[in-house]
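Read off the chains here:
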Amino acid sequence: MTVNHSEERKSPTRKHTALPKAQTLIEALPWLTRHHGKTVVIKFGGNAMVNEELKAAFAQDVVFLRHAGLKPVVVHGGGPQISAALDKHGIVSEFKAGLRVTTEDAMDVVRMVLAGQVQRELVGLLNQHGPLAVGLTGEDAHTITATRHQPEVDGERIDIGRVGEITEIDTGAIEALLADGRIPVVSSIARSQDDGHVYNVNADTAAAALAAALGAETLMVLTDVEGLYEDWPNSDEVISRLTASELEKLLPELSSGMVPKMEGCLHAVRNGVHTARVIDGRVQHSILLEIFTDEGIGTMVVPDEPDTQGES
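Thresholds, definitions, all that
- Residues numbered from 1 in each chain as written.
- Predicted model: local features only at pLDDT ≥ 70, side-chain atom pairs only at ≥ 80, totals over all residues.
- Heavy atoms only, no water.
- Helix = DSSP H or I, 4+ residues; strand = E, 2+ residues; numbered from the N terminus.
- Rg over C-alpha atoms; globule rule 2.2 N^0.38 Å.
- Buried < 20%, exposed > 50% of the residue type's maximum accessible area, 1.4 Å probe, protein only.
- Contact = heavy atoms within 4.5 Å.
- Lys, Arg positive; Asp, Glu negative; His and termini not counted.
- Charge placed at Lys NZ, Arg CZ, Asp CG, Glu CD.
- Core = buried A, V, L, I, M, F, W, Y, C linked by side-chain atoms within 4.5 Å.
- Polar contact = N/O pair within 3.5 Å; in protein donor to acceptor, adjacent residues only side chain to side chain.
- pLDDT = per-residue confidence, 0-100.
- Pairing = 2+ DSSP bridges.
- Axes fitted to C-alpha atoms, helices over the stretch in contact; angles between N-to-C directions.
- Phe/Tyr/Trp six-rings, centres within 6.5 Å; stacked < 30°, edge-to-face > 60°.
- Lys NZ or Arg CZ within 6 Å of the ring centre and 35° of its normal.
- Parallel < 35°, antiparallel > 145°, perpendicular 65-115°, else oblique.
- Nonpolar A, V, L, I, M, F, W, Y, C, P; charged D, E, K, R; others polar.
- Left-handed = near helix turned anticlockwise from the far one by under 90°.

1. As for the overall build of the protein chain
- Broken down by element type, the protein chain carries ten helices and 16 strands.
- Relative to the globule expectation of 20 Å for 312 residues, the C-alpha radius of gyration of the protein chain, 22 Å, shows essentially globular dimensions.
- Its C-alpha atoms give the protein chain principal-axis dimensions of about 90 × 45 × 35 Å.
- The buried share among the 312 residues of the protein chain stands at 46%.
- Within the protein chain, contacts between residues at least 6 apart in sequence are counted, and of these 73% link residues at least 24 apart.
- If the 27 positive side-chain charges of the protein chain are averaged to one point and the 45 negative ones to another, these points end up 9 Å apart.

2. What about the environment of valine 185?
- Relative to the helices and strands, valine 185 resides in strand β10 (residues 183-187).
- Owing to a relative accessible area of 0%, valine 185 belongs among the buried residues under this scheme.
- In sequence terms valine 185 and arginine 277 are 92 residues apart; their C-alpha atoms lie 19 Å from each other.
- Excluding residues that lie within four positions of it along the chain, valine 185 makes contacts with Val74, His76, Gln119, Leu122, Val123, Leu126, Ala133, Val134, Gly135 and Leu136.

3. Focus: the nonpolar core
- Counting residues in hydrophobic clusters, the biggest one holds 44 residues, and the most contacted among them are Ile42, Phe58, Leu65, Val74, Leu126, Ile287 and Phe292.
- Every element with two or more residues in this core is listed here: α2 (19-35), β1 (39-44), α3 (52-67), α4 (79-88), α5 (104-127), β10, β13 (218-223) and α10 (286-292).
- Residue contributions to this core peak at eleven residues, all from α5.
- Among residues more than four places away in sequence, those in contact with valine 74 are Ile42, Phe44, Phe58, Val62, Leu122, Ile183, Pro184, Val185 and Val186.

4. Topic: the side chain of aspartate 304
- Here aspartate 304 lies in the segment after β16 (299-302).
- A distance of 3.5 Å separates the side chain of aspartate 304 from the side chain of threonine 243, its partner in a polar contact.
- Side-chain polar atoms of aspartate 304 contact the side chain of arginine 270, separated by 3.3 Å.

5. Some words on the environment of glycine 164
- The topology assignment puts glycine 164 in strand β9 (residues 164-169).
- Through-space distance from the C-alpha of glycine 164 to that of serine 188 is 10.0 Å; in sequence the pair is 24 residues apart.
- Leave out the neighbours within four places in its chain, and glycine 164 touches Ala146, Thr147, His149, Tyr199, Asn200 and Val201.

6. Structural notes on the confidence of the model for the protein chain
- Per-chain confidence: the protein chain averages 88 in pLDDT, with 91% of residues scoring 70 or above.
- Considering only residues more than four positions removed or in separate chains, one finds that residues 308-312, a stretch of pLDDT under 50, has nine contacts.

7. Section: the sheet that holds strand β6 (residues 144-148)
- If you trace the four strands from one edge of the open sheet to the other, you get β9-β6-β11-β12, paired in mixed fashion. A single partner strand is all that each edge strand has here, and the edge strands are β9 and β12 (198-200). Across the sheet, the mean angle separating the axes of adjacent strands is 45° when strand polarity is ignored.
- As judged from the three bridges shared by strand β11 (residues 189-192) and β12, these two strands associate in the antiparallel manner. By the bridge assignment, alanine 190 is partnered in β12 with tyrosine 199.
- Of the strands in this sheet, β11 and β12 are in contact with α5, which crosses β12 at around 75°.
- Across the sheet, helix α7 (residues 203-214) touches β6 and β9, and the angle it forms with β9 is around 15°.

8. So, the packing of aromatic side chains
- The full count for this structure, using the stated rule, is two aromatic pairs.
- A cation sits over an aromatic face here: arginine 162 above tyrosine 199, 4.4 Å from the ring centre.

9. Things to note about the packing of α7 against helix α9 (residues 259-269)
- Where α7 contacts α9, the axes come no closer than 8 Å and their chain directions differ by 10°. When the axis of α7 is compared with that of α9, the two are roughly parallel. Contact residues: Asp204, Ala208, Ala209 and Ala212 in α7; Pro260, Lys261, Gly264, His267 and Ala268 in α9.
- Across the contact of α7 with α9, the residue classes break down as five nonpolar, two polar and two charged.

10. Digging into the packing of α3 against α5
- Interaxial distance between α3 and α5 falls to 9 Å at its minimum, and their mutual angle equals 60°. Taken together, the axes of α3 and α5 lie oblique to each other. Here α3 runs over α5; the crossing is right-handed. Contacts from Glu52, Lys55, Phe58, Ala59, Val62 and Val63 in α3 reach Glu121, Leu122, Leu125 and Leu126 in α5.
- Residue composition of the contact of α3 with α5, by class: seven nonpolar, no polar and three charged.

11. Here's the deal with α9
- Along α9, eight of the eleven residues are buried, which leaves the element largely enclosed by surrounding structure.
- Taken residue by residue, α9 has Pro260, Lys261, Met262, Gly264, Cys265, Leu266, Ala268 and Val269 as its buried positions.
- Next to the buried residues of α9 lie β1, α7, β13, α8 (244-250), β15 (275-280) and β16.

So, in structure tokens, the structure goes:
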């Protein structure tokens, strides 16, 4: 019998090339164990919504979470797409107090873009990997109920149209989908509590409210920055971890774009969510890096210790 010794010598080398992959998987093991069976609410936004490669990577990450035993729920807005559609329809985009003024005509476009364009594309990307994603809006099964939001500017309430303030969350439809192994994809539109119409609600706020109502393990908010900066613009050092009380002190100093995201994180961890994270959606597979690696990326907000709860 002839033995090919050169083949025997090659074999161990070939096996060793896979070792880095094995080490990566082993590093993920404690995080897989910790998060197994837990609900994760992910707010999809920023560059990840408009860059084709980032969109595809996002869909892969969410499907990976589902197959790894987690229960992902995706919530999305669609600012850039809404602005483009309003321009196309000859409707001027106006903002007051950092929020889009949403007239009746604009609301029709917002609803069409969120439920008919952004959501459908995201559901399609997820379902390239199997029959997993199901799209719904806050109108469906009374998932999100809102009343008219009238922000205060210089001591006066201003009217910004059909922009909603969330008053109630019904998680029944989402929980049924999760129990069936599906991935709910929720558009940030709410049914009206009082007048039979619908409202445009901030997607960061909607994601936080859903995370709290679902008792989620984690809320993840994708942004176009690395996280919450220590001393912006003087420094680009990212705060990796802070408590609810520490965040509350920082809120008045934040840029207007970060306020709803960080207020959402604060609401989530003050209402039962174990961690809330702001992560850089410009980084491919940022969700997996945050959940399944020792270093993580972005900024994580955690609840106060019991003896500091409620302090400011």
